[in-house]
Amino acid sequence: MNRNLRHRHAQDVARLYRELDISVETDCLSNDVVQQVLWQITQDLDSRLALSATFLEALTPVFGRILEGAFPSYSYSNIDVVRANRRAIGRPSASIKGLLPHQYL
């Protein structure tokens, strides 16, 4: 589907697409929902750290930002949405090289 997709570090995502304010998400979704999601995220990050110390440098800032009440605003668009909005990438007949964040569609 995408030969050029790059998975960005959390710090890059935060710089490019901003961060979610965890307190705002809590107000919208409920404390229970947000805490469950944060628990799942931190469990996953902990398991990655257990696999390899190479993740430590990339993941340490994520834990810090969660404690400070923020989380990178990841956004994954569905390929069907991108195809339906090819004009947004500027070349309607070109093959799709990546996915655009939802705010650009």
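Residues numbered from 1 in each chain as written. Predicted model: local features only at pLDDT ≥ 70, side-chain atom pairs only at ≥ 80, totals over all residues. Heavy atoms only, no water.

## Looking at the overall build of the protein
When its secondary structure is counted, the protein shows 5 helices and 2 strands. The burial tally for the protein puts 24% of its 105 residues in the buried class. In the protein, once contacts between residues fewer than 6 apart in sequence are set aside, the share between residues at least 24 apart is 59%. If you sum the accessible surface of the protein, you get close to 7700 Å²; carbon and sulfur atoms cover 53% of it. (Helix = DSSP H or I, 4+ residues; strand = E, 2+ residues; numbered from the N terminus. Buried < 20%, exposed > 50% of the residue type's maximum accessible area, 1.4 Å probe, protein only. Contact = heavy atoms within 4.5 Å. Areas by Shrake-Rupley, 256 points an atom, 1.4 Å probe, with all protein chains shown as cover.)

## Things to note about the side chain of T26
The residue T26 is located in helix 2 (residues 22-29) in this model. Non-local contacts of T26, meaning those with residues more than four positions away in its chain, are made with N31 and V34.

## What about helix 3 (residues 31-51)?
With 21 residues, helix 3 ought to run about 30 Å at 1.5 Å a step, and its terminal C-alpha atoms sit 30 Å apart, in line with that. Check the buried side of helix 3 and you find it contacts helix 2 and helix 4 (56-67). (Expected span 1.5 Å × (residues − 1).)

## Some words on the confidence of the model for the protein
Summary statistics for the protein give a mean pLDDT of 75 and a share of 64% for residues scoring 70 or more. The least confident element of the protein is helix 5 (residues 79-84), whose mean pLDDT is 60; the most confident is helix 2, at 93. Contacts for the low-pLDDT stretch residues 99-105, under 50 throughout, to residues beyond four places or in other chains number 22 contacts. (pLDDT = per-residue confidence, 0-100.)

## As for the packing of helix 2 against helix 3
Look at helix 2 against helix 3: their axes get within 7 Å of each other, and the N-to-C directions meet at 130°. Considered as vectors, helix 2 and helix 3 are oriented oblique to each other. Contact residues: I22, E25, T26 and L29 in helix 2; N31, V33, V34 and L38 in helix 3. Residues that form the contact of helix 2 with helix 3 fall into these classes: 5 nonpolar, 2 polar and 1 charged. (Axes fitted to C-alpha atoms, helices over the stretch in contact; angles between N-to-C directions. Parallel < 35°, antiparallel > 145°, perpendicular 65-115°, else oblique. Nonpolar A, V, L, I, M, F, W, Y, C, P; charged D, E, K, R; others polar.)

## Some points on the layout of surface pockets
A volume near 160 Å³ is recorded for the second largest pocket. What lines the second largest pocket is simply L20, I22, E25, L29, V33, V34, V37, L38, I41 and F71. Listed by contribution, the elements that provide at least two residues to the lining of the second largest pocket are helix 2 and helix 3. Class assignment of the residues belonging to the lining of the second largest pocket gives a composition of 9 nonpolar, no polar and 1 charged. (1 Å grid on protein atoms, 1.4 Å probe; cavity = no way out; pocket = protein on both sides within 12 Å on 5 of 7 lines; lining within 4 Å. Points joined across faces, edges and corners; volume = space filled by probe spheres on them.)

## Focus on the side chain of S73
Following the sequence through the fold, S73 ends up in the loop between strand 2 (70-72) and helix 5. The contact partners of S73, leaving out residues within four places of it in the chain, are V13, Y17, R18, E19 and L20.

## Things to note about the packing of helix 3 against helix 4
Two numbers describe how helix 3 lies on helix 4: the axes approach to 10 Å, and their chain directions differ by 160°. Taken together, the axes of helix 3 and helix 4 are roughly antiparallel relative to one another. Of the two elements, helix 3 crosses helix 4, and the hand of that crossing is left-handed. On helix 4, the residues touching L38, I41, T42, L45, D46, R48 and L49 of helix 3 are L56, L59, V62, F63 and I66. Residues that form the contact of helix 3 with helix 4 fall into these classes: 9 nonpolar, 1 polar and 2 charged. (Left-handed = near helix turned anticlockwise from the far one by under 90°.)

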